[in-house]
Amino acid sequence: MSRFNIITLNKCSSTNDILKEKRDFYPSFTVLRCKIQSKGRGRWGREWFSDNDKGLYFSILIKETDNENIRFYPLSITLSILSFFENIGFSPEYQWPNDIYIKGKKIVGILSEGVYKGDKNYLIVGVGININHNKQDFPEEIKEKAVSLKMLKGEDISTKDISTEDIFTDILEIIDKNFKTNDSVITIIKNLQKYSRFKKKEPINIKEKGKEYKGYFLEYRSDGGILIEKNGEKIKLYEGDVLKIEK
Ligand code: BTN
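Here is what the cut-offs are and how they apply
Each chain carries its own residue numbering, running from 1 in the written order of its sequence. Since the coordinates come from a predicted model, pLDDT governs what is reported: local features require at least 70, and pairs of side-chain atoms require 80 or more to be given and counted, while whole-chain, interface and lining totals use all residues. Side-chain calculation: all heavy atoms of the structure are included, whereas hydrogens and water are not. One heavy atom suffices: a residue is near a molecule or strand as soon as one of its heavy atoms comes within 4 Å of it. For the purposes of these results, a polar contact is taken to be a pair of N or O atoms within 3.5 Å, where, inside protein, one atom must be able to donate a hydrogen and its partner to accept one; residues adjacent in sequence count only when each atom of the pair is a side-chain atom. Only the protein chains shown count as cover for residues, with accessible areas throughout obtained via the Shrake-Rupley method and a probe of 1.4 Å. Secondary structure counts use DSSP, requiring at least four H or I residues in a row for a helix and at least two E residues in a row for a strand, with both numbered from the N terminus. Side-chain classes follow a simple rule in which Ala, Val, Leu, Ile, Met, Phe, Trp, Tyr, Cys and Pro form the nonpolar group, Asp, Glu, Lys and Arg form the charged group, and the remainder, Gly included, forms the polar group. Put simply, a salt bridge is a Lys or Arg side-chain nitrogen that is within 4 Å of an Asp or Glu carboxyl oxygen. When accessible area is computed with a 1.4 Å probe and restricted to protein chains, residues below 20% of their type maximum are described as buried, those above 50% as exposed, and intermediate ones as partly exposed. The pairing criterion for strands is at least two bridges between them, as found by DSSP. Definition of nonpolar core: a set of buried residues of the types Ala, Val, Leu, Ile, Met, Phe, Trp, Tyr and Cys, connected through side-chain atoms within 4.5 Å. By the convention used here, residues are in contact when the closest approach between their heavy atoms is within 4.5 Å. To get an axis, fit a line to the C-alpha atoms, keeping to the stretch in contact for a helix; angles then go from 0 to 180 degrees between the N-to-C directions. Here a helix's expected span is defined as the number of its residues, less one, multiplied by 1.5 Å. Only rings of Phe, Tyr and Trp enter the pairing, Trp through its six-membered ring, and a pair is recorded when the two centres are within 6.5 Å. The plane angle decides the type: under 30 degrees is stacked, over 60 is edge-to-face, the rest tilted. Charges are assigned to positions over rings by a cutoff of 6 Å between ring centre and Lys NZ or Arg CZ, combined with an angular limit of 35 degrees from the ring normal.

K.L.:
For this particular structure, what's the right way to read the site of the ligand?
P.N.:
Around the ligand lies a shell of 19 residues, among which Ser14, Gln37, Arg41, Arg43 and Lys106 are the nearest. At a separation of 2.9 Å, a nitrogen atom of the ligand approaches a polar side-chain atom of Gln37. At a separation of 2.6 Å, an oxygen atom of the ligand approaches a polar backbone atom of Arg43. Computed on the free molecule, the ligand has an accessible area of 420 Å², of which 98% lies beneath the protein chains in the complex. Elements with a minimum of two residues in the shell around the ligand: helix H1 (15–21), strand S3 (55–63), strand S6 (105–115) and strand S7 (122–130). Looking at which element gives the most residues to the shell around the ligand, the answer is S6, with 4 residues. Looking at the shell around the ligand, its residues break down into 5 nonpolar, 10 polar and 4 charged.

K.L.:
For this particular structure, what's the right way to read the pattern of salt bridges?
P.N.:
Two side chains with opposite charge may pair up if their charged atoms get near one another. Tallying each qualifying case throughout the model produces 17 salt bridges. A salt bridge links Lys143 to Glu140, with the nearest nitrogen and oxygen atoms 3.1 Å apart. Under the relative-accessibility criterion, Glu140 is labelled exposed at 60%. Overlapping salt bridges, with partners in common, bring together Asp17, Lys20, Arg41 and Glu113 in one network.

K.L.:
Looking at this structure, how should I read the pairing of S3?
P.N.:
In summary, the side chains of a regular strand alternate between the two faces of the sheet. With 8 of 9 residues buried, S3 lies mostly within the body of the structure. Looking at chain direction, strand S2 (residues 30–37) and S3 are connected through 4 bridges and run antiparallel. In the sheet register, Thr30 faces S3, and the bridge partner there is Leu61. Examined bridge by bridge, S3 and S7 share 9 bridges and lie antiparallel to one another. Pairing of Ser59 across the sheet is with Gly126, part of S7.

K.L.:
Before we go on, may I ask you to explain the nonpolar core in this structure?
P.N.:
Residues Ile81, Phe85, Ile107 and Ile129 are the most contacted members of the largest nonpolar core, which totals 57 residues. Sequence-distant contacts of Ile129, that is, excluding residues within four places in its chain, are made with Trp48, Gly55, Leu56, Ile81, Phe85, Ile107, Val108 and Ile171. If you look at the next biggest cluster of nonpolar residues, it comprises 10 residues, including Tyr26, Leu32, Leu61 and Ile124.

K.L.:
Teacher, can you tell me more about the sheet that holds strand S4 (residues 93–95) here?
P.N.:
Pairing between the strands of a sheet is mediated by backbone hydrogen bonds and can be parallel or antiparallel. On the basis of which strands lie adjacent, the open sheet formed by 7 strands has the order S1-S2-S3-S7-S6-S5-S4 and mixed pairing. A strand with exactly one partner marks an edge of an open sheet, and here the two such strands are strand S1 (5–12) and S4. Going across the sheet, the axis of each strand differs from the next one's by a mean of 20°, ignoring polarity. Of the strands in this sheet, S1, S2, S3 and S7 touch helix H4 (residues 164–181), which is tilted by about 30° from S3.

K.L.:
Mind showing me how you'd approach H4 here?
P.N.:
Note: α-helices contain 3.6 residues per turn, so residues at a spacing of three or four share the same orientation. End to end, H4 covers 26 Å across 18 residues, agreeing with the expected 26 Å (1.5 Å per residue, within 8%). Those residues of H4 lying buried are Thr164, Ile167, Phe168, Ile171, Leu172, Ile174, Ile175, Asp176, Asn178 and Phe179.

K.L.:
Is there a simple way to think about the packing of aromatic side chains in this case?
P.N.:
Aromatic ring pairs are reported here in terms of the distance separating the ring centres and the angle at which the planes meet. According to the stated counting rule, one finds 13 aromatic pairs in the structure shown. An angle of 50° between the planes, with centres 6.0 Å apart, marks the rings of Phe29 and Phe179 as tilted. Separated by 150 residues along the polypeptide, Phe29 in the loop between H1 and S2 and Phe179 in helix H4 bring together distant segments of the chain. Across the pair, Phe179 and Phe29 agree in class, each one buried. Seen from their ring centres, Tyr73 and Phe179 are 4.9 Å apart, and the 80° between their planes marks the pair as edge-to-face. Of the two residues, Tyr73 sits in helix H2 (residues 67–87) while Phe179 sits in helix H4, which places them 106 residues apart along the sequence. Neither residue differs from the other here; Tyr73 and Phe179 are each classed as buried. Here the aromatic residues Phe4, Phe29, Phe72, Tyr73 and Phe179 are joined through ring pairs into a cluster of three or more. Here the guanidinium or amino end of Arg3 rests over the ring plane of Phe29, the centre of that ring lying 5.4 Å away. Above the plane of the ring of Phe168 lies Arg33, whose end atom (NZ or CZ) is 5.4 Å from the centre.

In structure tokens form, the structure reads like this:
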């Protein structure tokens with residue numbers, strides 16, 4: 001028996017939004033999955049295209065009073081999903097802060113939102129995974145950058161869909177196991193580093209609040225930031241979009 005209180009709906013606006021609205025009502029570790037989202041959201045107010053049942057869309061509500069633990073959860077969830085893809089034979093890559101790429105294309109997006117003040121802390125970690133999409137199912141602007149599990153398996157429209165239900169069950173099992181193991185944030189970051197899209201001293205470009213930081217990747221920090229080197233100076237960044245500089 002896992003710790004999760006699982007709710008599945010056929011359709012909703014956004015699993016993050018519903019859990020946020022009903023956070024006082026639902027117990028901690030409620031997982032809401034919607035087969036279709038009409039208002040799926042990504043980071044920076046972007047749309048997460050999920051108005052179809054081709055992906056897996058779910059969010060986990062975590063009610064925690066400890067600020068340290070609140071950093072643990074999104075990282076542990078990201079690591080669990082990386083393990084899932086590795087277990088089924090792929091070489092997933094970790095993209096700071098919470099995304100997963102395979103073969104240079106994005107397959108998982110994670111949106112972590114919460115309130116970290118006072119005694120009513122809560123965290124909602126929303127996960128979107130591309131499962132049964134064919135290339136033409138993605139909106140034009142991400143067609144070249146996104147990939148689904150089905151595409152990676154070399155399958156096409158004629159092939160039977162992969163069960164999102166089974167993947168959901170497998171992933172929650174790994175997440176539950178990793179929550180139980182309760183590794184320190186430092187250990188999780190060390191593990192994430194092994195999957196990193198960026199190796200030490202590789203060129204990196206981070207766009208944060210309209211500013212561009214082109215430098216060299218150094219490391220991920222236990223406080224959630226990323227450390228880069230730019231013109232001999234070390235710079236810590238806590239948000240932003242990371243872009244790979246092709247060599
Ligand atoms: C990103 O890459 O910008 C993050 C995307 C997160 C999408 C998931 S789908 C389930 C949950 N509900 C949402 O509205 N967003 C997250």
